[in-house]
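Residue-level structure breakdown
Here is what each chain is made of, one letter per residue.
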Amino acid sequence: FISRSFFPPLVISPWCDTLRVHFLFIFEAIEAMSTAAAAAHAALAADLGTLLDSGKEADVVFRVGEEEISAHRWLLAARSPVFEALFAEQWSDAAGGGAIPIEGTAPAAFKQLLRGAYTGCYDDGALAAMADHLFEAAGKFGMLALQVEARRQMVASLNAAKVCDYFALGHAHE
């Protein structure tokens with residue numbers, strides 16, 4: 001129990017003191033849970049980013065331009081309905097060791113698309129540098145969260161030099 005003298009003089013009844021103490025404890029408990037959840041999310045994102053970077057246990061290879069990029073079917077299928085359908089369709093070809101070709105997407109944009117699928121984050125400056133490419137790739141692979149984030153970045157960086165390109169890109173993705 002906390003003494004009435006602990007509270008400022010604006011509190012006028014014992015009932016208010018009790019409510020204030022309960023609210024303080026509830027607020028502190030929610031804040032602690034929120035901090036713990038954020039730390040757990042950050043650790044999970046870091047672990048999945050390490051898994052992507054290492055290629056350990058990867059079971060699919062994409063050929064993007066001249067690069068081969070390894071990934072994990074289970075994660076991509078869970079994150080994208082387009083990848084899920086692609087893996088169902090190409091299971092026998094890819095299982096035989098063939099790389100799945102990805103056309104119309106730059107390797108750097110595809111790598112950031114995968115990083116977003118694995119971690120929900122992107123390399124520093126990547127979203128700003130290639131927002132239009134990520135917007136297009138996210139639409140192609142059904143990754144709505146990345147498409148929304150790329151669109152926000154495009155709007156934030158809109159200028160006279162980019163307006164025609166962004167208009168054409170938006171028109172193509174109506």
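Everything below is about the structure printed above this text.
What comes next concerns the included structure. By convention here, each chain's residues receive numbers from 1 onward along its written sequence. For a predicted model such as this one, the threshold for reporting local features is a pLDDT of at least 70, and the threshold for listing and counting side-chain atom pairs is 80 or more; totals across whole chains, interfaces and linings nevertheless cover every residue. Side-chain descriptors were evaluated using all non-hydrogen atoms of the structure, hydrogens and water having been removed beforehand.

1. A look at the overall build of the chain
The secondary structure listing takes helices from DSSP runs of H or I that are at least 4 residues long and strands from runs of E that are at least 2 residues long, numbered from the N terminus. Secondary structure summary: the chain contains eight helices and three strands in total. Starting at the N terminus and walking to the C terminus, you meet the elements of the chain as α-β-β-α-α-β-α-α-α-α-α. Whether two residues are in contact is decided by their heavy atoms, any of which lying within 4.5 Å being enough. Taking contacts inside the chain between residues at least 6 apart in sequence as the whole, the part at least 24 apart equals 51%. When the accessible surface of the chain is split by element, carbon and sulfur atoms take 63% of a total near 11,100 Å². Here the Shrake-Rupley method, with its probe set to 1.4 Å, supplies the accessible areas, and only the displayed protein chains count as covering residues.

2. A few points about the packing of helix 6 (residues 131–140) against helix 7 (residues 144–156)
At their nearest, the axes of helix 6 and helix 7 sit 8 Å apart, and the two run at 155° to each other. Classed by the angle they form, the pair helix 6 and helix 7 counts as roughly antiparallel. The way helix 6 lies across helix 7 gives a crossing that is left-handed. Between helix 6 and helix 7, the residues in contact are A131, D132, L134, F135, A138 and G139 and L146, Q147, A150, R151, Q153 and M154, respectively. Charged means Asp, Glu, Lys or Arg here, nonpolar means Ala, Val, Leu, Ile, Met, Phe, Trp, Tyr, Cys or Pro, and polar covers whatever is left, Gly included. Taken together, the residues of the contact of helix 6 with helix 7 break down into seven nonpolar, three polar and two charged. For helices, the axis comes from a line fit to the C-alpha atoms of the stretch in contact; other axes are also lines fit to C-alpha atoms, and the angle between any two N-to-C directions lies between 0 and 180 degrees. Here is the rule for angles: anything less than 35 degrees is roughly parallel, anything more than 145 is roughly antiparallel, 65 through 115 is roughly perpendicular, and the remaining ranges are oblique. By the definition used in this description, the sense in which the near helix is turned from the far one sets the handedness, with an anticlockwise turn below a right angle giving left-handed and a clockwise turn giving right-handed.

3. Brief notes about the sheet that holds strand 3 (residues 100–102)
Across a sheet, paired strands are connected by hydrogen bonds in the backbone, their directions being either parallel or antiparallel. With mixed pairing, three strands are arranged side by side in an open sheet as 2-1-3. Two strands in the sheet have a free side with no partner beyond their single neighbour: strand 2 (67–71) and strand 3. Geometrically, the sheet is characterised by an average inter-axis angle of 30° between neighbouring strands, direction not taken into account. Of the strand pairs in this sheet, strand 1 (residues 60–64) and strand 2 are connected by five bridges, and their pairing is antiparallel. Paired with F62 across the two strands is I69, which belongs to strand 2. This element, helix 4 (residues 107–119), spans strand 1, strand 2 and strand 3 of the sheet and lies at about 5° to strand 2. Whether two strands pair depends on DSSP finding at least two bridges between them.

4. Re the side chain of H72
In this structure, H72 sits in the loop between strand 2 and helix 2 (73–79). Accessibility here uses a 1.4 Å probe with only protein chains present; expressed as a share of the type maximum, an area under 20% marks a residue as buried, one over 50% as exposed, and anything in between as partly exposed. The exposure class assigned to H72 is buried, which follows from its relative accessible area of 2%. Setting aside anything within four residues of it in sequence, one finds H72 in contact with L51, K56, E57, A58, D59, V60 and Y118.

5. A closer look at helix 7
Residue pairs three or four apart in sequence face the same way in an α-helix, which turns once every 3.6 residues. Here helix 7 contains 13 residues, and its C-alpha end-to-end distance of 18 Å stays within 8% of the 18 Å for a straight helix at 1.5 Å per residue. For helix 7, the set of buried residues is L146, Q147, A150 and M154. On an axial view of helix 7, the arc spanned by its buried residues comes to 100°, and they lie on one face. The exposed set on the far side of helix 7, more than 90 degrees from its buried face, consists of L144, A145, R152, V155 and A156. Expected span of a helix: the number of residues minus one, times 1.5 Å. Note: the arc covers the axis-to-C-beta directions of the helix.

6. So, the packing of aromatic side chains
To describe a pair of aromatic rings, you give the distance between the ring centres and the angle between the ring planes. In this analysis, rings of Phe, Tyr and Trp, with Trp reduced to its six-membered ring, are considered paired at centre separations within 6.5 Å, and the interplanar angle assigns stacked below 30 degrees, edge-to-face beyond 60, and tilted for intermediate values. Considering all chains together, one arrives at seven aromatic pairs under this definition. Pairing F62 with F87 gives two aromatic rings, centres 6.2 Å apart and planes at 40°, and the pair type is tilted. Note that F62 is positioned in strand 1 and F87 in helix 3 (residues 81–95), a separation of 25 residues in sequence. Each member of the pair, F62 together with F87, is buried.

7. Points about the packing of helix 4 against helix 6
Across the interface, helix 4 lies against helix 6 with an axial gap of 9 Å and an inter-helix angle of 65°. Regarding helix 4 and helix 6, the two cross each other, and that crossing is right-handed. When helix 4 is examined against helix 6, the residues A109, Q112 and L113 are found in contact with a partner set consisting of H133, L134, A137 and A138. In terms of residue class, the contact of helix 4 with helix 6 is made up of five nonpolar, two polar and no charged.

8. Side note on the environment of F135
By secondary structure assignment, the location of F135 is in helix 6. F135 gets classed as buried once you look at its relative accessible area, which sits at 8%. Here the alpha-carbon distance between F135 and R151, two residues 16 residues apart in the chain, equals 6.4 Å.

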